[in-house]
Amino acid sequence: MLTSIQQELNRGASLLGGAASDSRLIEAVATVADVSVSALRNGNKILLCGNGGSAADAQHWAGELVSRFYFDRPALPAIALTTDTSILTAIGNDYGYEQLFARQVQALGNKGDVLLAISTSGKSPNILAAVKAAKAKSVVTVGFTGAKGNDLAALADHCIHAPSDSTPDIQLVHEAIGHTICMLIEEQLFKK
C-alpha cells in the first residue's frame, strides 16, 4: 500500500509538472484570470457549473471567491449553479437534465459575466447547453476540459485543456488551475 501511495503521488506531481511547463496552458490560465478580473472590476459576476467531481470544483471555486482564498478581503460575486436542489430538480423534471444549467444561465447571466463551465470529457450535454445559453446573453464563456475536449473548446470563448484523457488526472489539473485563478483574481483585485 505504501508503494502505491508513493507512486500515485509521484504520478500526480509529474502531471502537474508537465502542466506547469506547458506554455499554451499557462497563457490560457492567464487569459481566463484576466477575463475574470475584468468582469469583476466592471461589477459583473462569475457563474460556475459542472457534473459530479466538476460540480464539486464549481462549488469549491465559488466558495474561494465569495469567502476568501489567501487573505481577508471583500467578498466577490460568484455563483455555483450546482447547489440549489429545488431549482435543479424543478428544471430536471420540467425541462430535462440537459437544461439544468442553461435555464439558470438564462435567469442569472448578464452581459459581461463569466461562465466557468467544467466538463472533463468536453461532451456533457448540459454543459454545452449552458455555454450556448451564455453566449446568447453575451456572457464570456470559459471551458475546462481534458486534452480531447474539443466539443466544449469549439463553443467556449476560452478553454483550459488539462493535458490528459483520464478523468481523475483532468480533475487534478483543474483543481490546481482553479486555485491558481482564484489566487490571481485575489491578487489583482486586492492588495494584501
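Look up: the structure comes first, before these words.
Scope of this entry: the structure provided in the associated data block. Treat the numbers as computed from the prediction; the structure is a model and nothing was measured.

### Overview of the pattern of salt bridges
A full pass over the atoms with the stated rule returns 7 salt bridges. Across the pair Arg11 and Glu8 runs a salt bridge, and its minimum N-O distance is 2.4 Å. Here the residue Arg11 and the residue Glu8 both occupy positions in helix α1 (residues 2-20), the gap between them amounting to 3 residues, near one helical turn. With its nearest N and O atoms 2.4 Å apart, the salt bridge here joins Arg11 to Asp169. Note that Arg11 is positioned in helix α1 and Asp169 in helix α8 (residues 167-189), a separation of 158 residues in sequence. A relative accessible area of 34% means that Arg11 is categorised as partly exposed. Beyond isolated ion pairs, a larger network of salt bridges with shared partners links Glu8, Arg11 and Asp169.

### Here's the deal with a nonpolar patch on the surface
Together, Met1, Leu2, Ile5 and Leu9 give the surface a local cluster of nonpolar side chains, amounting to about 530 Å² of exposed area. With respect to the helices and strands, Leu9 occurs in helix α1.

### A look at the pairing of strand β4 (residues 140-145)
Across the 6 residues of β4, 5 count as buried, placing the element largely inside the fold. Pairing geometry for strand β3 (residues 114-118) and β4, over 5 bridges, is parallel. Following the sheet pairing, Ile118 is matched in β4 by Phe144. Handedness of the crossover joining β3 and β4 through helix α6 (residues 125-136) is recorded here as right-handed. Relative to strand β5 (residues 158-161), β4 runs parallel, the two sharing 4 bridges. Bridge pairing links Val142 to His158 in β5. With helix α7 (residues 150-155) bridging β4 and its parallel neighbour β5, the resulting β-α-β unit is right-handed.

Each value, and the rule that gives it
Residues numbered from 1 in each chain as written. Predicted model: local features only at pLDDT ≥ 70, side-chain atom pairs only at ≥ 80, totals over all residues. Heavy atoms only, no water. Salt bridge = Lys/Arg side-chain N within 4 Å of Asp/Glu carboxyl O. Helix = DSSP H or I, 4+ residues; strand = E, 2+ residues; numbered from the N terminus. Buried < 20%, exposed > 50% of the residue type's maximum accessible area, 1.4 Å probe, protein only. Patch = residues over 30% accessible without salt bridge, like charges linked within 9 Å, V, L, I, M, F, W, Y side chains within 5 Å. Areas by Shrake-Rupley, 256 points an atom, 1.4 Å probe, with all protein chains shown as cover. Pairing = 2+ DSSP bridges. Right-handed = clockwise from strand over helix to strand, strands pointing away.

Purely geometric stuff here, so don't read any function into it on its own.
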